[in-house]
Amino acid sequence: MSNIAGSKSSLQWVVHISVALLVMLWLFPTLGLFVSSFRTADQISTGGWWTSLFPAEQNLTLRSTDPDDAGAQTLIDGVYVVEGNLFKAGVDATISVWGTSSRAIDTYVPGDTAELKDGETITVQVNGDYVWTGTTEMTGRGQRVFATSTTPPEFTFKNYKTVLFGGDSTDGMTKAFFNTLTVTIPATIIPIVIAAFAAYALAWMDFPGRALLVAFVVALLVVPLQLALIPLLRLHLGIGIGKGYLGVWLAHTGFGMPLAIYLLRNYMVGLPRDIIENAKVDGATDFQIFTKIILPLSFPALASFAIFQFLWTWNDLLVAKVFLIDATGQTTVMTNQIVELLGTRGGNWEILSTAAFVSISVPLVVFFSMQKYLVRGLLAGSVK
Amino acid sequence: MHPALQGIVTIFLGVGGCLAYFYFSNQFIDKVLFPSKGVNAGRNINRANIVRPWLFLAPALFALSLYLAYPVFATLWYSLTDRDKGNAFVGLANYYQMMDDPKFWEALKNNMLWLIIVPAASTAFGLLAAQLTDRIGWGSIAKSMIFMPMAISFVGAAVIFKLIYDTRPADTNQIGALNAVWMQFNGGVGSFILLRALPAAFLAFLTVGSLWLATIMIKGFSSFTTILRSLFGIVLIGVAVSSIASIYGLFTATLPYGEPQTWLTMPFWNSILLMIVLIWIQTGFAMVILSAALRGIPEETVEAAIVDGANPFQVFFKIKMPQIAGTIVVVWTTITLTVLKVFDIVFAMTNGQWETQVLANYMFDKLFRGNDWGVGSAAAIVIMLLVTPILVWNVYNVRKEMRS
Amino acid sequence: MYGFFFKADVKSLVWYSPENFEDSDYDIPETMEELKALTDQIVADGGTPWCIGLGSGAATGWPATDWVEDMMLRTQAPDVYDRWVSNEMPFTDPAVVAAIEEFGAFARVDDYVAGGAGAVATTDFRDSPKGLFSSPAQCYMHKQASFIPAFFPEGTVVGEDADFFYFPAYASKDLGSPVLGAGTVWTITNDSAAAHDLITYIQTTEANEIWMAKGGFLTPHKGVDTSKFVDAATKKMNDVLLAATTFRFDGSDLMPGGVGAGSFWTGMVDYTGGKDAAEVAQAIQDSWDALK
């Protein structure tokens, strides 16, 4: 194709670069989420995720040891001394400027000695070592030091532990994960069975009204499900199903039916006529033809719809909110959990990004492993 | 019963029940009702074959009618009744109440904006991506990456983009990419080029393009009816006019350089930023479909054009575009349907505040926060009305197809 | 029917960092006039006085309703407050609009609020107090109810790293020391001897002091021994409560849901975004009328 269009090799490079830019632009958002889920809250506040691989400079409020702690204060040559390191054990940071008052956090450089009130002094070194001296015994809390320090990049799995195994219902996604699985799997399998039979009838059986029914299905494909919420909720409440798993399975089955019938019918119509004709000549009943010939041959279409429906029900929020989730909080799905987290933990990006990534990880795995079928499903009937 | 166990039982009951139903009903017809042996064998077989399709269709028809067809009428009925008055028929009172609500008009206006921008942008980017990726060796990997956002839930995408749009106070480092980029602008030459000149060039291109398309609409495009043509023509002229006005505004506006912006609270721009989320997701869909359509174009037509001396642009616009016009329409209408239903993105990111309200979220708000079924159903009917042209178009096409 | 408070919460508190105040030599303001003067003083010294955050997901705007209710108690007599929350007095009454604008006098001035007036509605209410402890300090004062220490940075000790003072009243208006709060009101719904016994018991100082020692408990009982509180901070909060000359329950909780948890919240978000106070009040009143 490229040589037909007469493109020169330099144009190829332009194409390569533009595609690369396009791909990077499209990957950037998801990558941001993924990287943020491995950073701690402090690290996130130091800067965007694209800086996460580089040492980050931040303004910290550190405190020396309390002089009242046992063994903290010693008397050396008539001077009371408290020594130590401002950073927690294991932290490897360097200080660039520091100060002792919240008004002026950058008055001194490492190595300087600050004069405090009551004849006390404090000296801070680059690595956070400090010496705090006083002419009389020091009491009260440790001395505050405001240090602008550079900390090396730090990544952690702690967020995933909190989100997956935390046990805390507001952060924990494990329960929501299993709930979502429970919603999705029956809601994917059952529509297939019902729709396959209907699709076969619409594809290979000749009866009056067939064209009308196909048009009916196509029309229903377009109906927005917002219209169906209140009447069906009332119906469910009225016949005693109430809000729960059975309700949401039935709802997803109903809402997924037009697409299922449409996809499967389109595929079945394309099956070779001869096989079916031969089977009829051999005396097979319609039911036998369906189960022994059509179903196995239709496997690609069945897989396509299954992937579609799986992704749709996994990622759904509205149907779950209306038909499943009640006030007890026992029946939450992952999408709902994320919306709750946006409200309760809106500023805690380390938790939010981890939870969001956990919720999109299963669809991503399904997507990458079954992409072929997903694409085929989209194309069925779309290309004219 | 534990839900997982309930799920497994339901699967077995559901699948097994269906199969049992189909098997036994078929047996019933073939052996009991219309036995294919005996005196009236021929007549019975015929009768069995007349009844059988309805047997196959029965469960599906039941599900479709109950879950999709009945609700349309039920919602229409609810929109004409008032729950507080004991479900009495109140005529169009709910509609009047809804039209008195400024939030409804805001939602409608925003939906119009979404309907114009998102399908156009997604299709344009999709076409661009399809054309480019088809030419290179690693095209399928690139397509995968661009298509991937379709697997992500709208809520997940909302979180992803909320991180990008995040705002921190002025003297701290920005963690949101958009603000980090914004803070780099300081009013100098780069700012002028990127924030005024380039957008102005794009808007000028848009103006010219819209006017050109409008002239095509008015001259006639075989598959559109006159009403649709004039509608599109008016919309396109509106786009052209607002583009020209925007170009003027671009050069006269003073931009707040160096201050991090709370993007999601800026009226009009926040809607655009929300649209970007949907465009990010739907471009992959458009790209996949258009790529298949492009590959379906017979090579001879392209070859012949090149032999006749056409340059790549002419090849694209005069040969390729007309042949994939049908697919472009399908992509456009499908994305339009998604846009009208979009609820999660607005709900999760702004919940309709700061003038971002859309009809689907408005309906949800009225139904479940305000418990006003009348107005909520009225809003749902409005969504249905907006969707009806596409419904008619699709049914018309499928009937044409079935007749041929 | 009568009821009384057993377990209360106090909202009229301003949180600050004592060490930061010490660094800059600021005194705790005892009157609203002094508070406003301190606000200007901090601006003159180059700092930002207030951290205000209304963000709360779908509930965004509720902290502003606490501000407006507190300002209403400090500018009008308590019976005006009562008539306001029952809608005997319309939301559009000048007294209400004035209370909203008193809040705006703090929240709508860019120099007074960390991040500027535009950040008020988008800053999450759990994030905004962190500005008190950042380096350099993003703000010096944060008005919030007694639950907020749960959202201070890890390791913040109330009483040492963070402390609070009573959100003062105007010295010139002679309205005493009003306190806005919430809590649990006990009453008898099913009359029985046992119910009466329980009510009598929890009215004793002994019952109060048991819960006081466990923490997370404030009481309006003037006879308790306040040294029995589990920590000094809770005792100080209770002192604020006991010193109150007027106590009123949170107004937005008393209003019907569609207003107090709906249009009042969104109205305040619109107000901080620049909308006119009278317009906002009109919109809230309209929504209240629609509910009747």
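For every chain, the first residue of the written sequence is number 1, and numbering continues from 1 along that sequence. Naming scheme: in the order in which they are written, chains are lettered from A and ligands are numbered from 1. For this predicted model, a pLDDT threshold of at least 70 governs which residues receive local features, and a threshold of 80 or more governs which side-chain atom pairs are given and counted, while totals over whole chains, interfaces and linings are taken from all residues. Note: side-chain values were computed over all heavy atoms of the structure, leaving out hydrogens and water.

1. Some remarks on the overall build of chain A
Within chain A, the secondary structure is distributed over 14 helices and 8 strands. In this setup the radius of gyration rests on C-alpha atoms only. A globule is expected at 2.2 Å times the number of residues raised to 0.38. Whereas a compact globule of 384 residues would reach a radius of gyration of roughly 21 Å, chain A reaches 33 Å, over 25% beyond that. Here the C-alpha coordinates of chain A stretch approximately 115 × 70 × 35 Å along the principal axes. Relative to all contacts within chain A whose residues are 6 or more apart in sequence, the contacts with residues 24 or more apart total 69%. Method for areas: the Shrake-Rupley scheme with a 1.4 Å probe, in which residue coverage is limited to the protein chains shown. Of the roughly 16,300 Å² of accessible surface on chain A, a fraction of 62% belongs to carbon and sulfur atoms. When the 23 positive and 27 negative side-chain charges of chain A are each reduced to one mean point, those points stand 19 Å apart. Runs of H or I in DSSP of at least four residues are treated as helices and runs of E of at least two as strands, each being numbered from the N terminus. Whether two residues touch is decided by their heavy atoms; if any such pair falls within 4.5 Å, the residues are in contact. Only four residue types enter the tally: Lys and Arg on the positive side, Asp and Glu on the negative side, with His and both chain ends excluded. The atom standing in for a charge is NZ when the residue is Lys, CZ when it is Arg, CG when it is Asp and CD when it is Glu.

2. Some words on the side chain of B:Thr123
For B:Thr123, the location among the structural elements is in helix α4 (residues 102-133). Among the residues examined, B:Thr123 registers a relative accessible area of 5% and is labelled buried. A simple rule labels every residue: compare its accessible area, found with a 1.4 Å probe on the protein chains alone, to the largest value its type can have, and call it buried under 20%, exposed over 50%, or partly exposed in between.

3. Things to note about the interface of chain A and chain B
In this complex, chain A contributes 107 residues to the contact, which on the side of chain B involves 108 residues. For any pair of parts, buried area is found by adding up, for both, the accessible area (1.4 Å probe) each one loses once the two are put together. Between chain A and chain B, roughly 9,900 Å² of surface is buried when both sides are summed, and carbon and sulfur atoms account for 81% of that area. Polar contact criterion, stated in full: a pair of N or O atoms within 3.5 Å, where within protein one must be able to donate a hydrogen and the other to accept it, and residues adjacent in sequence count only if both atoms are side-chain atoms. Inspection of the chain A/chain B interface yields 12 residue pairs in polar contact (both at pLDDT 80 or more). Following the grouping adopted for this structure description, the nonpolar residues are Ala, Val, Leu, Ile, Met, Phe, Trp, Tyr, Cys and Pro, the charged ones are Asp, Glu, Lys and Arg, and the polar ones are all others, Gly among them. Among the residues making up the side of chain A that touches chain B, the classes are represented as 81 nonpolar, 20 polar and 6 charged.

4. Description of the confidence of the model for chain A
Per-residue confidence for chain A gives a mean pLDDT of 85; residues scoring 70 or more make up 95%. The predictor's confidence in any single residue is recorded as pLDDT, a number from 0 to 100. The low-confidence segment residues 1-6 of chain A, where pLDDT is below 50, has 9 contacts with residues more than four positions distant or belonging to other chains.

5. Here we look at the packing of aromatic side chains
When two rings of Phe, Tyr or Trp (its six-membered ring) have centres within 6.5 Å they constitute a pair, described as stacked for plane angles under 30 degrees, edge-to-face for angles over 60, and tilted for the intermediate range. Under the criterion given, the structure shown has 66 aromatic pairs over all chains. With a centroid separation of 5.3 Å and 45 degrees between ring planes, the pair formed by A:Tyr200 and A:Phe290 is classed as tilted. Of this pair, A:Tyr200 sits in helix α4 (residues 174-204) while A:Phe290 is found in helix α9 (residues 286-297), placing the two residues 90 residues apart along the sequence. Here the two residues A:Tyr200 and A:Phe290 agree in accessibility, since each one is buried. Pairing C:Trp62 with C:Phe147 gives two aromatic rings, centres 6.2 Å apart and planes at 40 degrees, and the pair type is tilted. You can see C:Trp62 sitting in helix α3 (residues 62-75) and its partner C:Phe147 sitting in the loop between β3 (142-143) and β4 (163-166), a full 85 residues away along the chain. Exposure remark for C:Trp62: the relative accessible area of 15% places this residue in the buried category. Judged by its relative accessible area of 38%, C:Phe147 is partly exposed. Taken together, the ring pairs connect A:Phe197, A:Tyr200, A:Phe290, B:Tyr21, B:Phe22 and B:Phe56 into an aromatic cluster. Sitting over the face of the ring of C:Tyr271, C:Arg108 holds its NZ or CZ atom 4.2 Å from the ring centroid. If you follow C:Lys143 out to its NZ or CZ, it ends over the ring of C:Trp67, 5.7 Å from the centre. Throughout this description, the term charge over a ring refers to an Arg CZ or Lys NZ atom that lies within 6 Å of the ring centre and within 35 degrees of the ring normal.

6. Description of the sheet that holds strand β5 (residues 178-186) of chain C
All names here are of chain C. Spatially, the 3 strands line up as an open sheet ordered β1-β5-β6, and their pairing is mixed. Whereas interior strands pair on both sides, the edge strands pair on one side only; in this sheet they are β1 (4-10) and β6 (246-249). When the angles between neighbouring strand axes are averaged without regard to direction, this sheet yields 50 degrees. Strand pairing requires that DSSP identify at least two bridges connecting the strands. Here β5 pairs with β6 via 4 bridges, running parallel. When the sheet's bridge partners are listed, Val179 is paired in β6 with Phe247. Whenever a helix is involved, its axis is fitted only over the stretch in contact; in every case the axis is a line through C-alpha atoms, and angles between N-to-C directions fall within 0 to 180 degrees.

7. Describing the environment of A:Val183
All names here are of chain A. Counting through the fold element by element, Val183 comes out in helix α4. Residues Val183 and Trp249 lie 66 residues apart in sequence; the distance between their C-alpha atoms is 6.6 Å. The residues contacting Val183, other than those within four sequence positions of it, are Tyr245, Val248, Trp249, His252, Leu324 and Val333.

8. Describing the state of the cysteines
All names here are of chain C. Here, a disulfide means two cysteine sulfur atoms that sit within 2.5 Å of each other. Under the criterion given, the structure shown has 1 disulfide over all chains. Covalently, Cys51 is tied to Cys139 through a disulfide, its sulfur atoms 2.0 Å apart. Here the disulfide of Cys51 and Cys139 is left-handed, its torsion about the S-S bond being about -105 degrees. One end of the pair, Cys51, is in the loop between α2 (32-44) and α3; the other, Cys139, is in the loop between α5 (94-107) and β3, with 88 residues separating them in the sequence. The same class applies to Cys51 and to Cys139, which are both buried.

9. Some remarks on the interface of chain A and chain C
Counting from both sides, the interface comprises 16 residues of chain A and, opposite them, 23 residues of chain C. A buried area of about 1,400 Å², summed over both sides, lies between chain A and chain C, and 30% of it is on carbon and sulfur atoms. Among the residues of chain A in contact with chain C, A:Ser102, A:Arg103 and A:Arg141 are the three that bury the most area, contributing 41% of the side total. Salt bridge, as used here, is a side-chain nitrogen of Lys or Arg placed within 4 Å of a carboxyl oxygen of Asp or Glu. Viewed at the interface, chain C and chain A are joined by 7 salt bridges. Across the pair A:Arg63 and C:Asp161 runs a salt bridge, and its minimum N-O distance is 2.9 Å. Applying the counting rule to chain A against chain C returns 12 residue pairs in polar contact (both at pLDDT 80 or more). For the side of chain A that touches chain C, the secondary-structure elements that each account for two or more residues are β1 (56-63), β8 (144-151) and α12 (334-344) of chain A. At 4 residues, the largest contribution of residues to the side of chain A that touches chain C is made by β1(A). A breakdown of the residues in the side of chain A that touches chain C according to their chemical character gives 3 nonpolar, 8 polar and 5 charged.

10. Some thoughts on the confidence of the model for chain C
Residues with a pLDDT of 70 or more make up 100% of chain C, whose mean pLDDT is 88. As a predicted assembly, this complex carries a pTM of 0.83 together with an ipTM value of 0.84.

11. A word on unusual backbone geometry
A cis amide bond links C:Ser135 with the next residue in sequence, C:Pro136, at an omega value of 0 degrees. Considering the arrangement of structural elements, one finds C:Pro136 in the loop between α5 and β3. For B:Phe268, which is not a glycine, the phi torsion comes out positive at approximately 70 degrees. Structurally, B:Phe268 can be placed in the loop between α9 (226-252) and α10 (269-295). Note on B:Phe268: relative accessible area 42%, which makes it partly exposed. A positive phi is found at C:Asp174, a non-glycine position, where the angle reads about 60 degrees. Mapping C:Asp174 onto the fold places it in the loop between β4 and β5.

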